[in-house]
Amino acid sequence: MGVTTVTDVTDGVLHTLFHSEQGGHEQVVLCQDRASGLKAVIAIHSTALGPALGGTRFHPYASEAGAVADALNLARGMSYKNALAGLGHGGGKAVIIGDPETLKSKELLLAYGRFVDSLGGRYVTACDVGTYVADMDVVARETRWATGRSPENGGAGDSSVLTAYGVFQGMRASARHLWGSPSLTGRRVGVAGVGKVGHHLVNHLLEEGAEVVITDVRQESVQRILAKHPRVVAVPDTATLIRTEGLDIYAPCALGGALDDTTVPVLTARVVCGAANNQLAHPGVEKDLADRGVLYAPDYVVNAGGVIQVADELNGFDFDRCKAQAARIFDTTLEIFARANEDGVPPAVAADRIAERRMAEARRG
């Protein structure tokens, strides 16, 4: 049998890992199981605070390089998120390359579980975009390091419930900082993406007395909201939503990169606070928001409710305990705004500094 020699190797990924500001990861694992079609990337950014914890994203990336880049960015974000959430975990993330609607299978998830298990607990996985509680139940057949499982299989269930609750607390903190009161009654909030997390967030907002405007690329998600809440307003797309007159708060709750050189100049909202990860498309966007007088609640701070839940699952899940910890996102967000004012920097920079200090102290300890 002949052996094929690999000769076409680019140093782009290695350069990112070893030389760029986006690098510094402890470990990156490329996983392949040809029988099931699995191609996955597991990125461990830091274990300074404990085993890396972060979900598994299943997405049809345009390229393998794009998948690796997403895994690296998401893993780094998880390090910061877990640090500010006060968890004994570092940051990691995994991505499975492909369309979950056509590629996902029991065999693929089992193969992925074996790769997670091979890391011996350095990485703990959970749900993310494209993966669900039922998927984690399958992954958990091959590894003990899978959280976000169903209650029937020893887990806590859907983590999007507390993710939405944490974002809601971040919004309340933003309102308190900007308008003097945490109440969202009468505030007009635009939610882009009303899927797993977004539809729970809409429920919180309506219960609080807010006016809600929504959009989603999936019309079935929009219709589900409108059928339940006829007073919600739907617009065709995100471009329309961010230009909506009278919008007080914009909540990006879909994929990352929502805030860029095109969207920031046309935002009508005074506050950005949403569930999506990596909302800032590139460094410098946080300053653009500040220059326009837009208060940005750092995504990895306010969307930490879900990771609080899955981390608790490792120690015997208690919903009330988790909800109480997620409620503290309100105080953490206010702390970040205060630190930003004190240092004269945007909130995203202030949040990074606090997280980096906590990780550095853990490494020294």
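Everything below is about the structure printed above this text.
Numbers given to residues run from 1 along each chain, matching the order in which its sequence is written. Only residues with pLDDT of 70 or above have their local features reported here, since the model is predicted, and side-chain atom pairs are shown and tallied only from 80 upward, although totals for entire chains, interfaces and linings are computed over all residues. Remark: hydrogens and water are excluded; side-chain values derive from all non-hydrogen atoms of the structure.

## Section: the packing of aromatic side chains
Two rings belonging to Phe, Tyr or Trp (six-membered ring only in the last case) form a pair when the distance between their centres is within 6.5 Å. Interplanar angles under 30 degrees mark stacking, angles over 60 mark edge-to-face geometry, and anything in between is tilted. By the definition in use, this model includes two aromatic pairs. Ring geometry for Y80 versus Y300: centroids 5.8 Å apart, planes at 70°, classification edge-to-face. With Y80 in helix α2 (residues 64-84) and Y300 in helix α11 (residues 299-302), this pair connects stretches of sequence that are 220 residues apart. Note on accessibility: Y80 and Y300 belong to one class, buried. For the pair F317 and F319, a centre-to-centre distance of 6.4 Å together with 70° between the ring planes defines the contact as edge-to-face. Only protein chains enter the calculation, and the probe is 1.4 Å; a residue is then buried if its accessible area is under 20% of its type maximum, exposed if over 50%, and partly exposed in between. Under the relative-accessibility criterion, F317 is labelled partly exposed at 29%. Only lysine NZ and arginine CZ atoms are considered, and such an atom sits over a ring when it is within 6 Å of the ring centre and within 35 degrees of the ring normal. Seen from the ring of Y132, K196 lies directly overhead, with NZ or CZ sitting 4.6 Å from the centre. When the ring centre of Y165 is taken as origin, the NZ or CZ atom of K323, which lies over that ring, is 5.0 Å away. Counting from the N terminus, the helices are DSSP H or I runs at least four residues long and the strands are E runs at least two residues long.

## Points about the state of the cysteines
Any cysteine sulfur atom paired with another within 2.5 Å is treated as part of a disulfide. Applying the stated criterion across every chain yields a total of zero disulfides. We note that C322 lacks a disulfide partner, and the nearest cysteine sulfur, in C127, lies 15 Å from it. Residue C322 is classed as buried on the basis of its relative accessible area of 1%.

## Details of the pairing of strand β8 (residues 211-215)
The element β8 is extensively covered by neighbouring structure, given that four of its five residues are classed as buried. Pairing analysis gives five bridges linking strand β7 (residues 188-192) to β8, with the strands arranged parallel. Bridging from a neighbouring strand, G190 pairs with V213 of β8. A right-handed crossover is one whose linking path, passing over the helix from the first strand to the second, runs clockwise when the strands point away from the viewer. Viewed along the sheet, the connection from β7 through helix α7 (residues 198-208) into β8 turns out right-handed. For two strands to be treated as a pair, DSSP must find no fewer than two bridges joining them. Pairing between β8 and strand β9 (residues 233-234): two bridges, direction parallel. When the sheet's bridge partners are listed, I214 is paired in β9 with A234.

## Digging into the layout of surface pockets
Here the term cavity refers to a set of points on a 1 Å grid, laid over the protein atoms alone, in which a 1.4 Å probe fits but cannot get out; the term pocket refers to an open set having protein on both sides within 12 Å along at least five of seven lines, with lining residues being those that place an atom within 4 Å of a point. Grid points are joined across faces, edges and corners, and a volume is the space filled by probe spheres set on the points. Roughly 950 Å³ of volume is contained in the second largest pocket. Lining the second largest pocket are 34 residues, with N73, R76, N278, L280 and P283 positioned closest to its centre. Within the residue set of the lining of the second largest pocket, elements represented by two or more residues are β4 (56-59), α2, α11 and α15 (347-364). Per-element accounting of the lining of the second largest pocket gives the leading share, nine residues, to α2. Classification used: nonpolar for Ala, Val, Leu, Ile, Met, Phe, Trp, Tyr, Cys and Pro, charged for Asp, Glu, Lys and Arg, polar for all others including Gly. Here the residues of the lining of the second largest pocket sort into 13 nonpolar, 11 polar and 10 charged.

## Focus: helix α6 (residues 160-179)
Residues that lie three or four places apart on an α-helix share one face, since the helix turns once every 3.6 residues. By this rule, a helix spans an expected 1.5 Å times one less than how many residues it contains. For α6, which comprises 20 residues, the first-to-last C-alpha distance of 28 Å matches the rise-based estimate of 28 Å (1.5 Å per residue) to within 8%. For α6, the tally of buried residues reaches 14 of 20 residues, placing the bulk of the element in the interior. Immediately downstream of α6, the backbone of G180 shows phi near 90°, a positive value.

## Points about the environment of V161
Residue placement: V161 occurs in helix α6. Residue classification places V161 among the partly exposed positions, given a relative accessible area of 30%. Considering only alpha carbons, one finds V161 and D343, 182 residues apart in sequence, at a separation of 34 Å. Sequence-distant contacts of V161, defined by excluding residues within four places in its chain, comprise H200 and F319. Residues count as neighbours in contact if any of their non-hydrogen atoms are within 4.5 Å of one another.

## Quick notes on the packing of α6 against α7
Relative orientation of the contacting elements α6 and α7 amounts to 45°, with a least axis distance of 8 Å. With respect to each other, α6 and α7 are oriented oblique. Read as a crossing pair, α6 and α7 show a hand that is right-handed. Contacts between α6 and α7 pair S160, V161, A164, Y165, V167, F168 and M171 from the former with H200, L201, H204, L205 and E208 from the latter. When its residues are assigned to classes, the contact of α6 with α7 shows eight nonpolar, three polar and one charged. Note on geometry: axes are C-alpha line fits, over the in-contact stretch for helices, and angles between N-to-C directions span 0 to 180 degrees. Angle categories: roughly parallel below 35 degrees, roughly antiparallel above 145, roughly perpendicular from 65 to 115, and oblique for all the rest. The crossing is said to be left-handed when, going from far helix to near helix, the turn is anticlockwise and less than a right angle, and right-handed when the turn is clockwise.

## Considering the side chain of S159
Looking at the element boundaries, S159 is found in the loop between α5 (133-139) and α6. According to the relative accessible area criterion, S159 is buried, its value standing at 14%. Setting aside residues up to four positions removed in sequence, S159 forms contacts with G306, Q309 and V310.

## As for the pairing of β7
By the criterion of burial, β7 is predominantly enclosed, with four of the five residues buried. Examined bridge by bridge, β7 and strand β10 (residues 249-252) share four bridges and lie parallel to one another. Note on β10: the bridge partner recorded for V191 is A251.

## Quick notes on the pattern of salt bridges
Pairing between side chains of opposite charge can happen when the charged atoms of each approach one another. Criterion for a salt bridge: a side-chain nitrogen of Lys or Arg within 4 Å of a carboxyl oxygen of Asp or Glu. Tallying each qualifying case throughout the model produces 16 salt bridges. Between R57 and D128 there is a salt bridge; the shortest N-O distance is 2.7 Å. With R57 in strand β4 and D128 in the loop between β6 (123-124) and α5, this pair connects stretches of sequence that are 71 residues apart. With respect to burial, R57 and D128 carry one shared label: buried. Across the pair D135 and K104 runs a salt bridge, and its minimum N-O distance is 2.7 Å. Residue D135 is located in helix α5, and its partner K104 is located in the loop between α3 (100-103) and α4 (106-118); the two are separated by 31 residues in the primary sequence. Note on D135: relative accessible area 8%, which makes it buried. For K104, a relative accessible area of 23% corresponds to the partly exposed category.

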